[in-house]
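This is what each chain is made of:
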Amino acid sequence: MENRYNLIDEPWIPVADVGKVSLSDIFSARYRALGGNPVEKIAVLNLLLAIAQAAYTPRDNEDWESLGEQGLSEKCLEYLERWRERFFLYGDKPFLQMPAIATARTQPYGGVIPFISSGNTTVLNQSNVEKTLEDAEKALVLITLMNFSLGGKKPDNYIVLSDSYHGKTNDKEKPATAKPGPSVGSKGLLHSFIIGSSISQTVWLNTFTEVELKEVLHQFPSGLGTPPWQVMPRSENCPIAQSLSESLCGRLVGLSRFCLLKDNSLHLSEGIPSRSYEEGVVDPSVAMNTEGKEIRVVWANPDKRPWRELSTLLSFFQHGGGGEYRCLRLACHVERTARILPQFSILSGGLQVSRHATGEQYVTGTNDYVESLVRLDSSQLGAIWFAQLRLEMHLMEKIEKMLYSSVLRYVYVSKNGSKNKKIPKIAKKIAGGATSEFWQLCERNFQSLVGSCDANEEARLARYACRKKFADYARSVYNQHCPKETARQMQSWAKNMPKFGWYLKQEAS
Amino acid sequence: MEERVKSDFNERFVLATIALCKKSKAIAAKLRRADNPNTEYQSWEFLGSFGVDLDTDYKRLPFTTIAAAIAKAKIEENGTLRLGDAIVRSYENGKDGKNGKDSEQAQAKLRRLLACSETPELCRVLRTLLALVSSRGFGNLDYIRLLRQIREFHFDSKKIQSQWAQEFYHSIDNQGQLSGETQL
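Rules behind the numbers
Along each chain, residue indices are assigned from 1 in the same order as the chain's sequence is written. Going through the entries in the order they are written, you letter the chains from A and number the ligands from 1. Local features in this predicted model are restricted to residues whose pLDDT is 70 or higher, and side-chain atom pairs enter the listing and the counts only when it is 80 or higher, whereas totals over whole chains, interfaces and linings include all residues. Based on all heavy atoms of the structure, the side-chain values leave hydrogens and waters out of the count. Put simply, DSSP marks the helices as runs of H or I at least four residues long and the strands as runs of E at least two long, and each gets a number from the N terminus on. Three exposure classes are used, based on accessible area relative to the maximum for each residue type with a 1.4 Å probe and protein chains only: buried under 20%, partly exposed in between, and exposed over 50%. We call two residues contacting when some pair of their heavy atoms lies within 4.5 Å. To be clear on the numbers: accessible area is Shrake-Rupley with a 1.4 Å probe, and residue cover counts the displayed protein chains and nothing else. Axis definition: a line fit to C-alpha positions, over the contact stretch in the case of helices; interaxial angles, taken between N-to-C directions, run 0 to 180 degrees. By convention, the crossing between two helices is left-handed when the near helix turns anticlockwise from the far helix through less than a right angle, and right-handed when the turn is clockwise. Residue polarity follows a fixed list, in which Ala, Val, Leu, Ile, Met, Phe, Trp, Tyr, Cys and Pro are nonpolar, Asp, Glu, Lys and Arg are charged, and the others, Gly among them, are polar. Using a grid of 1 Å spacing that covers the protein atoms alone, one calls a set of points a cavity when a 1.4 Å probe fits there but cannot get out, and a pocket when the set is open and has protein on both sides within 12 Å along at least five of seven lines; lining residues are those with an atom within 4 Å of a point. Grid points are joined across faces, edges and corners, and a volume is the space filled by probe spheres set on the points. Between the first and last residue of a helix there are one fewer steps than residues, each counted as 1.5 Å, and that sum is the expected span. Axes are fitted to the seven residues ending at a residue and to the seven starting at it; the angle between these axes is taken as the bend at that residue. Note on angle classes: values under 35 degrees are labelled roughly parallel, values over 145 roughly antiparallel, values of 65 to 115 roughly perpendicular, and the remainder oblique. Two strands are said to pair when DSSP picks up at least two bridges between them. The definition used for a disulfide is geometric: two cysteine sulfur atoms within 2.5 Å. Salt bridges are defined as contacts in which a side-chain nitrogen from Lys or Arg sits within 4 Å of a carboxyl oxygen from Asp or Glu.

Caption draft 1: Just the overall build of chain B, in detail. Check the secondary structure of chain B and you find nine helices and zero strands. Counted from the first residue to the last, chain B has its helices and strands arranged as α-α-α-α-α-α-α-α-α. Classification of the 184 residues of chain B by burial places 49% in the buried group. Across chain B, the fraction of contacts at a sequence separation of at least 24, relative to all contacts at a separation of at least 6, is 65%. Carbon together with sulfur atoms contributes 47% to the accessible area of chain B, which is approximately 9,500 Å² in total.

Right under this line is the structure:
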């Protein structure tokens, strides 16, 4: 079979302001940021990181610093040149695909892309309709499928490449529902990365050193490992597959689905099983809390946009704090980055999904992609800054609660008048809508709040200005949701009005 | 340079009325009758001397209402109590033993105030309400603020009513600003 469409040369990676570029372009020019939806961004970034780690893993931070962005890019280009033969999308050894799976049932591309209607799903608008994909888009689907595949019956689990493997069958010896990809989890995990001024710098900033691999990443017993394109596994549980499931490279670009691309469809079956967060293993970009009874992770949640999780993600700044979430990528690299760059950003994103009791995952009307980019000033970062940020977030949550209960009481009392009746659902819905609008308004000023969490006088004044804005937002949301046209409405409006004097007083003097 | 802040018309009117009532019992007696449509004419001389437009209802009635209230309350100086607050206090420790804010009667009085749509109607309601507040011993109303509110009522009744409602429920911020006044 002819080798064609080499990912190193063909443009397929979406880049902001530019369009599509190739893998070699990414490492030879300075592009500002990746494009596409948050999941595509994360999947491509993970691929780039796997390439970088395989090309050169710095010994320690000094080696990493002396290597620099330019040095790492050169190593990556050399590496790509060395493994050029393995980056063909079609051919004898197609990139991240298993020719042996060709007997599996085919699935249209729309079946593996979220938000595309397949089967009997309702088409709401044109974006839900499946389109014919070009090779560039197929490559992107393939990359996202490796880690972000949704659980369900679509992969053909009748096909098992290893006779001794029982992971694809259920208790009744029937083909089981495929498990979700490792980067999705049951509800859709939230991933966070450090973002520099260019894509190649971002890759450099997120690279782990050998020291870190030994000390921190104990989740991966095989250490860095070999990326799957270098040596593809033969089956679901061959030694190569086992080593992939226990290594960092195998986590960054896992093979959670075995597939083979065809013209308008792809052969699809469940691939190498990866350990889940319940077993204490997550992507380094996911925040996990292992200190409680149950292991908990931060999920992508459209109702709680990722910027609101910043104080959770950065909790490593707090010294001696227990019961905290820890995102390995940020914990290892934020302080290192702050020493070198005056400013950098943190990208958090993911896709929330719903899960049926059978294990089938799908995207409902309320599920969505989430993404936030927060810029941090290196000179400010530290325990004091973090403590202040955390306090501010805590107070904003308090404001939200006050707003919620105020609107709830307004709607409830003005509709019912009696206190003994059960609170109607509509009241909760209206109150929920109000708080969601409050957070939307606050998002616009969050960056200034992050910049004003210092201990000096100037920061205090800036913080006061932020607080005034947030209180104003809450009041205006309250006024919008609680009309005061009639006498009774006005009475209820004044009676339940939330008071924020305490919030402003703290910073006023 | 004049250092003293120039007082506004409302303030001058209230202070002059208080001073006049203290000085002359005859004028005080005439002003007491100013809130009754039949005897209101007796106060016109005083209002006219102040330049109040006697032809137009919404311009005249705020002054007759306030002048009558001041004359009846026999106050020495302008107070600080706001109208909404005064209604609450009038019903505190009442028969139902409830807090003023929770008293059904107080709430009914407030709602009547909030249901007014025009200045003449408002002044009719205020006549009895001010008499009640005064009879309960709360003569120390801020008449200047009240006069300003009644005069503005014709132009923006919702704003003034929301102020009274907030005064009633004490939803006042630390900066002395009513919470609902800040809008985007």
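On we go from here.
Caption draft 2: Up close: the packing of helix 1 (residues 9-23) of chain B against helix 4 (residues 57-73) of chain B. Residues and elements named next belong to chain B. Close contact between helix 1 and helix 4 brings their axes to 10 Å; oriented N to C, the two are set at 35°. Relative to helix 4, the crossing made by helix 1 is right-handed. Together, Phe9, Phe13, Val14, Thr17, Ile18 and Cys21 of helix 1 and Phe63, Ile66, Ala67, Ile70 and Ala71 of helix 4 make up the contact between the two elements. Classifying every residue of the contact of helix 1 with helix 4 by side-chain character gives ten nonpolar, one polar and no charged.

Caption draft 3: Just unusual backbone geometry, in detail. Residue and element names in this part refer to chain A. Residues other than glycine seldom take positive phi values, yet Asp17 does so here, at roughly 70°. Mapped onto the fold, Asp17 is located in the loop between strand 2 (13-15) and strand 3 (19-21). By relative accessible area, Asp17 is classed as exposed at 68%. The backbone phi angle of Leu96 is positive, close to 55°, even though this residue is not glycine. Structurally, Leu96 can be placed in the loop between strand 4 (88-90) and strand 5 (106-108).

Caption draft 4: Examining the layout of surface pockets more closely. All names here are of chain A. Volume-wise, the largest pocket comes out at about 660 Å³. The wall of the largest pocket is formed by 31 residues, among which Phe115, Ile116, Thr121, Tyr362 and Val363 lie closest to the centre. Each residue belonging to the lining of the largest pocket can be placed in one class, and the counts come to twelve nonpolar, 16 polar and three charged.

Caption draft 5: How the structure looks around helix 7 (residues 119-135) of chain B. Residue and element names in this part refer to chain B. For helix 7, spanning 17 residues, the distance from its first C-alpha to its last is 24 Å, which sits close to the expected 24 Å at 1.5 Å a residue. Where helix 7 bends most, the angle comes to about 25°, and this point is Leu126. Listing the buried residues of helix 7 in full gives Thr119, Glu121, Leu122, Cys123, Val125, Leu126, Leu129, Leu130, Leu132 and Val133. The elements touched by buried residues of helix 7 are helix 4, helix 5 (83-90), helix 6 (104-114), helix 8 (143-153) and helix 9 (157-169).

Caption draft 6: Spotlight on the packing of helix 2 (residues 38-55) of chain A against helix 3 (residues 61-82) of chain A. All names here are of chain A. Running from N to C, helix 2 and helix 3 point in directions that differ by 90°, and their axes come no closer than 9 Å. One way to sum up the angle between helix 2 and helix 3 is to call them roughly perpendicular. Every residue of helix 3 that contacts helix 2 at Ile51, Ala52, Ala54 and Ala55 is listed here: Leu72, Lys75, Cys76, Tyr79 and Leu80. Residues of the contact of helix 2 with helix 3, tallied by class, amount to eight nonpolar, no polar and one charged.

Caption draft 7: Structural detail: the sheet that holds strand 6 (residues 191-195) of chain A. Residues and elements named next belong to chain A. Strand order in the open sheet made by the three strands is 6-12-15, with antiparallel pairing throughout. Both edges of this open sheet fall to strand 6 and strand 15 (369-377), since each of them pairs with a single strand only. Here the strands of the sheet are splayed against their neighbours by 20° on average, with no regard to which way each runs. Direction of pairing for strand 12 (residues 343-351) relative to strand 15: antiparallel, over a ladder of nine bridges. The residue bridging Gln343 from the neighbouring strand is Asp377, located in strand 15.

Caption draft 8: A look at the sheet that holds strand 5 of chain A. All names here are of chain A. Spatial ordering of the open sheet is given by 5-8-7, a layout of three strands whose pairing is antiparallel. Two strands in the sheet have a free side with no partner beyond their single neighbour: strand 5 and strand 7 (257-261). Neighbour to neighbour, the strand axes of the sheet diverge by 40° on average, direction disregarded. For strand 7 and strand 8 (residues 265-270), the ladder comprises five bridges, and the chain directions are antiparallel. By the bridge assignment, Leu261 is partnered in strand 8 with Leu266. Its contacts with the sheet place helix 4 (residues 135-148) against strand 7 and strand 8, and it is angled at close to 170° to strand 7.

Caption draft 9: Structural view of the state of the cysteines. Residues and elements named next belong to chain A. Within the structure shown, the criterion is met by zero disulfides over all chains. Cysteine Cys466 is unpaired, with the sulfur of Cys453 as its nearest cysteine sulfur at 8.2 Å. On the accessibility criterion, Cys466 (6% relative accessible area) is buried.

Caption draft 10: View of the pattern of salt bridges. All names here are of chain A. Counted by the stated rule, this structure contains 30 salt bridges over all chains. Between Glu371 and Lys41 there is a salt bridge, with its nearest N and O atoms 2.5 Å apart. Of the two residues, Glu371 is situated in strand 15 and Lys41 in helix 2; the sequence distance between them amounts to 330 residues. Judged by its relative accessible area of 26%, Glu371 falls in the partly exposed class.

Caption draft 11: Spotlight on helix 4 of chain B. Look at helix 4 of chain B: 24 Å from first C-alpha to last across 17 residues, which is about the 24 Å you get at 1.5 Å a residue. Once helix 4 of chain B finishes, Lys74(B) follows within two positions and takes phi at roughly 50°, a positive value.

Caption draft 12: Fine view of the pairing of strand 6 of chain A. Residue and element names in this part refer to chain A. Here strand 6 lies mainly inside the structure; five of its five residues are buried. The two faces of strand 6 match: His191, Phe193 and Ile195 on one face and Ser192 and Ile194 on the other face are all buried. As paired strands, strand 6 and strand 12 are joined by five bridges and run antiparallel to one another. Directly across from Phe193, in strand 12, lies its bridge partner Leu347.

Caption draft 13: Layout of empty space enclosed by the protein. Residue and element names in this part refer to chain A. The tally for this structure, following the rule as stated, stands at five cavities of 30 Å³ or more. Along the walls of the largest cavity sit Pro182, Leu244, Ser245, Gly250, Arg251, Val253, Gly254, Leu255, Ser256, Ile272, Pro273 and Ser274, which together make up its complete lining. Going through the elements one at a time, helix 7 (239-245) and helix 8 (248-252) are the ones with two or more residues in the lining of the largest cavity. The residue makeup of the lining of the largest cavity, split by class, is six nonpolar, five polar and one charged. Computed from the structure, the second largest cavity encloses a volume of approximately 50 Å³. Every residue along the wall of the second largest cavity is listed here: Val39, Phe148, Leu150, Ser183, Val184, Gly188, Leu189, Leu351 and Val353.

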